[in-house]
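Examination of the molecular architecture
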Amino acid sequence: MSAKAYLSISPEVKKALAAGAPVVALESTIITHGMPYPQNLEMAQNVEAVIRRHGAVPATIAIMDGRFCVGVSGEDLERLAQTGGKAAKASRRDVASLLVKGEIAGTTVATTMQIAALAGIQVFATGGIGGVHRGAEDTFDISADLEELSRTPVCVVCAGAKSILDIAKTLEVLETNGVPVLGYGTDEFPAFWARQSGHKVDHRFDDVADIARVVAMQADLGMGGVLVANPIPEADALDPSAIEARIAEAIRGAEQEGVSRKALTPFLLKRIFELTDGKSLVANIALVENNALVAAGIAAALAARHAPKPAVRRA
């Protein structure tokens, strides 16, 4: 039995894929572990609406009832949002066990990439990727997202790496794994809530059609995924020095409480939400919607590349 035997693709997404229409995958840990209910449900619905307005079909991905669910919507989306942090957080190592148990799980960037590729979806919008955690030289805490990007042929549109991470080391690991980091309208790698991190992207592109050409070429060459760094809109960005102070405070709290491994990121995001009086959540929602818009553009450009050319009528 192949992995595709565990796929459940919604009729809408299945129809779009069969027709060669643009489809954008969406992760679900941002729903289950990224923000509280009902804001998580509202965010998920708004992101899907952004993708539809820009000519693509959204495909929220989760593990539910022993299946890889692609195109979670309606009552299932609400069930996922209401389950929230009680759901499992599914990275690559958890997939088989969660399918056997039949548990509800939000999919991380790594697992969403894996399932999107299985379903034939080339473009995926998220908030920020995981990466190398601060202090990884002692803890070896490095997200599976980075290795997945090196081997799975999916274009991931993000607002950089989450600011709670060591961005310099994250970029070094991406380079080691041969992952191209493209800046959309920027020369600098963004830092999630902030537009700048002090580190450069590999290549800058100002047109989604050019990014689509890179994604297509990368797939033709069998060279894994592409990371597109798309800065949070300027009006929604947080002050870098202020957010860094809140991050440092949240990390100290995690150390004092002994929080580590897969529980660390949800803990830090929740604590930063509290320390910023909710401003981090507002910024998070804005950057996810902005990434969805750009991802829809890339998906549309890819679909246009594969569309049959009209026949030339001879006189």
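Our subject is the structure that appears above.
Bear in mind the structure is a predicted one, so any value in this text is a computation, not a measurement.

A few points about the overall build of the protein
Of the regular secondary structure elements, the protein holds 13 helices and 11 strands. Seen along its three principal axes, the alpha-carbon backbone of the protein occupies a region of about 75 × 45 × 35 Å. Classification of the 315 residues of the protein by burial places 53% in the buried group. Of the contacts formed within the protein by residues at least 6 apart in sequence, a portion of 75% connects residues at least 24 apart. Entry remark: accessible area of the protein is about 14,400 Å², with carbon and sulfur atoms responsible for 52%.

Side note on the packing of aromatic side chains
Counting across every chain of the model gives one aromatic pair. For the pair Phe-192 and Trp-193, a centre-to-centre distance of 4.9 Å together with 70° between the ring planes defines the contact as edge-to-face. Classification of Phe-192 by relative accessible area gives buried; the value is 2%.

Structural notes on a nonpolar patch on the surface
Taken together, the side chains of Met-217, Leu-221 and Met-223 define a hydrophobic patch exposed on the protein surface, amounting to about 310 Å² of accessible area. Within the fold, Leu-221 resides in the loop between helix 10 (208-220) and strand 11 (226-229). The class of Leu-221 is exposed, set by a relative accessible area of 53%.

Examining the pattern of salt bridges
Across all of its chains, the model carries 16 salt bridges by this definition. As a salt-bridge pair, Arg-92 and Glu-148 come within 2.8 Å of each other at their nearest N and O atoms. Taken together, the positions of Arg-92 in the loop between strand 5 (88-90) and helix 5 (95-101) and Glu-148 in helix 8 (residues 144-151) put the pair 56 residues apart, joining distant regions of the chain. Among the residues examined, Arg-92 registers a relative accessible area of 34% and is labelled partly exposed. Relative accessible area serves as the criterion here: at 1%, Glu-148 is assigned to the buried category. The shortest N-O distance in the salt bridge between Asp-94 and Arg-93 comes to 3.6 Å. Within the structure, one salt-bridge network assembled from shared partners comprises Arg-92, Glu-147, Glu-148 and Arg-151.

Some points on the packing of helix 3 (residues 39-53) against helix 13 (residues 279-306)
The interhelical angle for the contact between helix 3 and helix 13, taken along N-to-C directions, is 25°, at an axis separation of 8 Å. Considered as vectors, helix 3 and helix 13 are oriented roughly parallel to each other. Note that helix 3 runs across helix 13; the crossing there is right-handed. Where helix 3 approaches helix 13, its residues Gln-39, Met-43, Asn-46, Val-47, Val-50 and Ile-51 are matched on the opposing element by Leu-281, Ile-285, Val-288, Glu-289, Ala-292, Leu-293 and Ala-296.

Overview of unusual backbone geometry
Generally, phi is negative for residues other than glycine and the peptide bonds are trans, each holding for most cases. In this structure, the amide linkage connecting Tyr-37 to the following residue, Pro-38, adopts the cis form with an omega of 10°. Looking at the secondary structure, you find Pro-38 in the loop between helix 2 (29-32) and helix 3. The backbone phi angle of Phe-140 is positive, close to 60°, even though this residue is not glycine. Mapped onto the elements, Phe-140 comes out in the loop between helix 7 (136-139) and helix 8. Using a relative accessible area of 66% as the deciding quantity, one classes Phe-140 as exposed. The phi angle at Asp-277 is positive, at roughly 55°, despite the residue not being glycine.

Structural notes on the side chain of Ser-163
Tracing the backbone shows Ser-163 in the loop between strand 8 (155-158) and helix 9 (167-176). For Ser-163, the side chain forms a polar contact with the main-chain oxygen of Ala-191, separated by 2.4 Å. If sequence neighbours within four positions are ignored, Ser-163 has contacts with Arg-134, Ala-191, Phe-192, Trp-193 and Ile-247.

Regarding empty space enclosed by the protein
Under the counting rule described, the total for this entry stands at two cavities of 30 Å³ or more. Lining the largest cavity, in full, are Leu-26, Glu-27, Ile-30, Ile-31, Met-43, Ala-44, Val-47, Thr-60, Ala-125, Thr-126, Gly-127 and Val-288. Going through the elements one at a time, helix 2 and helix 3 are the ones with two or more residues in the lining of the largest cavity. If you tally residues by element for the lining of the largest cavity, the top one is helix 3, at three residues. The computed volume of the second largest cavity comes to approximately 30 Å³. For the second largest cavity, the full set of lining residues is Pro-153, Val-154, Cys-155, Val-215, Gln-218, Ala-219, Gly-224, Gly-225 and Val-226. For the lining of the second largest cavity, the leading source of residues is helix 10, giving three residues. Of the residues contributing to the lining of the second largest cavity, the split by class is six nonpolar, three polar and no charged.

Definitions and cut-offs
Residues numbered from 1 in each chain as written. Predicted model: local features only at pLDDT ≥ 70, side-chain atom pairs only at ≥ 80, totals over all residues. Heavy atoms only, no water. Helix = DSSP H or I, 4+ residues; strand = E, 2+ residues; numbered from the N terminus. Buried < 20%, exposed > 50% of the residue type's maximum accessible area, 1.4 Å probe, protein only. Contact = heavy atoms within 4.5 Å. Areas by Shrake-Rupley, 256 points an atom, 1.4 Å probe, with all protein chains shown as cover. Phe/Tyr/Trp six-rings, centres within 6.5 Å; stacked < 30°, edge-to-face > 60°. Patch = residues over 30% accessible without salt bridge, like charges linked within 9 Å, V, L, I, M, F, W, Y side chains within 5 Å. Salt bridge = Lys/Arg side-chain N within 4 Å of Asp/Glu carboxyl O. Axes fitted to C-alpha atoms, helices over the stretch in contact; angles between N-to-C directions. Parallel < 35°, antiparallel > 145°, perpendicular 65-115°, else oblique. Left-handed = near helix turned anticlockwise from the far one by under 90°. Polar contact = N/O pair within 3.5 Å; in protein donor to acceptor, adjacent residues only side chain to side chain. 1 Å grid on protein atoms, 1.4 Å probe; cavity = no way out; pocket = protein on both sides within 12 Å on 5 of 7 lines; lining within 4 Å. Points joined across faces, edges and corners; volume = space filled by probe spheres on them. Nonpolar A, V, L, I, M, F, W, Y, C, P; charged D, E, K, R; others polar.

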